[in-house]
Amino acid sequence: MIADVSKSSKIVVEKSTVPVKTAEAIEKILTHNSRGIKYQILSNPEFLAEGTAIQDLFKPERVLIGGRETPDGQKAIQALKDVYAQWVPEDRIISTNLWSAELSKLAANAFLAQRISSVNAMSALCEATGADVSQVSHAVGMDTRIGPKFLNASVGFGGSCFQKDILNLVYICECNGLPQVANYWKQVIKINDYQKNRFVNRLVSSMFNTVSGKKIAILGFAFKKDTGDTRETPAIDVCKGLLGDKACLSIYDPQVTEDQIQRDLSMNKFNWDHPIHLQPISPSSVKQVSVVWDAYEATMDAHGVCILTEWDEFKTLDYQRIFDNMQKPAFVFDGRNIVNVDKLREIGFIVYSMGKPLDPWLKDMPAVA
């Protein structure tokens, strides 16, 4: 389409996270349809994070521009640099070749996901040995070479990018005859899946090895706080695992609609990535799922509570009120390590918090791997 309507030379900038070599494909298509017009393709990957997108746009840590290492390519890079220079300090604008820019984005997401899987792997070991993953990650994060960010143990990472970008990286490695490198990155996803399964197994084994017919409250469905995005959220796999054992779920998330939750739970994995017209129009509602608009309603008469998103409001809930209205024994499974475990145990809850020393109740009931 660009080739059809262009009347003068153009700079085409790819912003999206794309498979490496996409710029080359765009370049070939435009060159073959050029009718004498010159095109320069730049790769300028997006580093915005959901929940902080505006801040990330105005004060980016870095702006990456990849282009051809030819005089025309360098001119195109300079033209885009001049746009960013209006509000971004010069030293934060990095120019690279095309492939480096495309690969840097995949690598950045892979490294972030790897940190989460690393701390999640440690959380399993902490539970087995009686260590506290929060203390371990704090001690590790004090090392300036490592730093404290992305070291919170949880039920797993989600979002539309991490898994997709790692699988993209794995595919590129396999295509380039690097199976060992591909297998290394696959492990990041395997640990993430293991963590979600471990959470479900721990929950089921704690509740006398069955959740059939029991009401479980799910607090949080989005993949992280301050967004309504549910793509690849760990909540989907956790809920499906519980539904597989015939649990009745009552779900509350301050931002996610009932329609979205039903759609996510009735869709096959990765279908969210299909164009909307190829997705089921009205999601077949899952019978054992009710979506409510209040944490207290979700937990009323429940046997257990699962915290799957770290929404701030879940830290300040009246847990005494929740306990009083639940079936006993009352369980809390904190997949985000946001509750005060000691306080909840004082109230009377049996608490499972990822990577924290186990409740005496749980020690007798090993999590089935």
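Model, not experiment: these values are computed from the prediction.

Quick look at the overall build of the protein now. Of regular secondary structure, the protein possesses 14 helices and 10 strands. Across its three principal directions, the C-alpha atoms of the protein cover 75 × 50 × 40 Å. Scored against the burial criterion, the 369 residues of the protein give a buried share of 46%. Summarising the internal contacts of the protein: among those between residues at least 6 apart in sequence, 74% fall at separations of at least 24. For the protein, the exposed surface amounts to about 18,600 Å²; the carbon and sulfur share of it is 56%.

This paragraph deals with the UniProt feature "active site" (unreviewed entry) in the protein. Mapped onto this numbering, the UniProt entry annotates "active site" (unreviewed entry) at Cys-161. Look at Cys-161 and you get partly exposed, because its relative accessible area is 28%.

Right, let's talk about the packing of aromatic side chains for a bit. On inspection of all chains with the given rule, the structure shows 13 aromatic pairs. Ring centres 5.4 Å apart and planes at 50° place the aromatic pair Tyr-84 and Trp-87 in the tilted group. Ring centres 6.1 Å apart and planes at 65° place the aromatic pair Tyr-252 and Phe-314 in the edge-to-face group. Of this pair, Tyr-252 sits in strand 6 (residues 248-252) while Phe-314 sits in the loop between strand 8 (304-307) and helix 12 (319-324); the two residues are 62 residues apart in sequence, bridging distant segments of the chain. Accessibility expressed as a relative area gives 8% for Tyr-252, which makes it buried. Of the residues examined, Phe-314 reaches a relative accessible area of 0% and is grouped as buried. An aromatic cluster is defined as three or more aromatic residues linked by ring pairs; in this entry it consists of Phe-199, Phe-208, Phe-331, Phe-333, Tyr-352 and Trp-361. Its end group placed over the ring of Phe-47, Arg-62 keeps NZ or CZ at 3.7 Å from the ring centre.

Rules used throughout
Residues numbered from 1 in each chain as written. Predicted model: local features only at pLDDT ≥ 70, side-chain atom pairs only at ≥ 80, totals over all residues. Heavy atoms only, no water. Helix = DSSP H or I, 4+ residues; strand = E, 2+ residues; numbered from the N terminus. Buried < 20%, exposed > 50% of the residue type's maximum accessible area, 1.4 Å probe, protein only. Contact = heavy atoms within 4.5 Å. Areas by Shrake-Rupley, 256 points an atom, 1.4 Å probe, with all protein chains shown as cover. UniProt positions renumbered as here; feature names shortened; annotations may be inferred. Phe/Tyr/Trp six-rings, centres within 6.5 Å; stacked < 30°, edge-to-face > 60°. Lys NZ or Arg CZ within 6 Å of the ring centre and 35° of its normal.

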